[in-house]
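# Coordinates in review
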Amino acid sequence: SSRTAVLATINTIPTLTGTPASRCGAGTLTLSANPSTGTVRWYDAATGGNLLSTGSTFTTPSISSSTTYYAETTSAESCTSTRIPVVATINTVPSITSTTPATRCGAGSATIQAVASAGTLNWYAAASGGTVLFTGANFSPSVTGTTTYYVEASNNGCTSARTAVTVTVNSVPSITSTTPAARCDAGSVTLQATASNGTLNWYSSATGGTLLGSGNSFVTPSITNSTNYYVESTDGTCTSPRVAVLATVNATPSITSTTPSSVCGSGTVILSATANVGNLNWYNSASGGSVLGTGNSFTTPSIATNTTFYV
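### Digging into the sheet that holds strand 12 (residues 112-116)
Strand order across the open sheet formed by 3 strands is 9-12-15, with antiparallel pairing between neighbours. A strand with exactly one partner marks an edge of an open sheet, and here the two such strands are strand 9 (96-100) and strand 15 (138-139). In terms of strand pairing, strand 9 meets strand 12 through 4 bridges, oriented antiparallel. Looking across to strand 12, one finds that Ile-96 is bridged to Ala-116.

This is how it looks when you write it as structure tokens:
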């Protein structure tokens, strides 16, 4: 017979590319596939398995962990591509697992802390929005009053809820007034002070040292020289700076010499005396009485009998 042509046709096997998707925490994701030809079919296994959907996009059921789905396409000539994996990734949302607030006395800096299950810690001044103030586990802001900051953790594009962490600023008590005291010669002296609040404590040094007494009044031990004592106020949380209060010891002056005098008959007499320090005052009695004169010499009134004067 004459020869007859018989065609052996080679049909191209279609191909496709997949686009994975990810999300934070459990939920659905939309995967997509782009075929060279044909209709895309989605499966739950690399071979066999269950047909889940058809079309270029596939919305997964709600999933709580990363899951691989598989896509294939079939051409008009009934050629089927190799299935390709397309991953639906579930990224874990990090959480703040612990926080450490801070307390300080008066304005200044204090360190607050936080720990996260994963990721990087970011600190803010607001519960939502705002600008990152600091990144890291230990944040040391400078504050003038009690202030709340907010920390969140970020990991793989997932962000935790923000958690409040407070820096508490307690008022520092202050010494509002002091009353020094003085005495003549060795002995004890009573000093006094008042404070805005708290308990007053007395010391013999500006810092450190041993507590000598507590209260608004302090009786010093016997002292022979002028001595500074120091008082502070504490409310159980904060303590004021110490303030010096002076206990003064003044030396008692002494009469170092006297010069009596005499007159013939009645009349005035000039007496004299000297002291180691101070002003001389003259009297006509050993105690009390009125000052008759001042100075190193004293002219008596006219007298007719021997008379003792006192200086």
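Having seen the model, we can carry on.
### Notes on the sheet that holds strand 29 (residues 270-275)
Across the sheet, 3 strands lie side by side as 28-29-32; this open sheet has antiparallel pairing. Each of the sheet's edge strands pairs with one partner strand only, and the pair in question is strand 28 (255-259) and strand 32 (297-299). Here the average twist between neighbouring strands, direction ignored, is 20°. Across 4 bridges, the pairing between strand 28 and strand 29 is antiparallel. Residue pairing for strand 29: Ile-255 is matched across the bridge by Ala-275.

### Section: the state of the cysteines
On inspection of all chains with the given rule, the structure shows 2 disulfides. The disulfide partner of Cys-24 is Cys-158, and the gap between their sulfur atoms is 2.0 Å. Taking the torsion about the sulfur-sulfur bond, which here is approximately -95°, the covalent link between Cys-24 and Cys-158 counts as left-handed. Taken as a pair, Cys-24 in strand 2 (residues 21-24) and Cys-158 in strand 18 (residues 158-159) lie far apart in primary sequence, 134 residues in all. One disulfide bridge connects Cys-105 with Cys-238, the sulfur atoms lying 2.1 Å from each other. Taking the torsion about the S-S bond as the criterion, the Cys-105 to Cys-238 disulfide, at about -90°, is left-handed. Residue Cys-105 is found in strand 10 (residues 102-105), and its partner Cys-238 is found in the loop between strand 26 (227-234) and strand 27 (243-250); the two are separated by 133 residues along the sequence.

Rules used in this analysis
- Residues numbered from 1 in each chain as written.
- Predicted model: local features only at pLDDT ≥ 70, side-chain atom pairs only at ≥ 80, totals over all residues.
- Heavy atoms only, no water.
- Pairing = 2+ DSSP bridges.
- Helix = DSSP H or I, 4+ residues; strand = E, 2+ residues; numbered from the N terminus.
- Axes fitted to C-alpha atoms, helices over the stretch in contact; angles between N-to-C directions.
- Disulfide = S-S within 2.5 Å.

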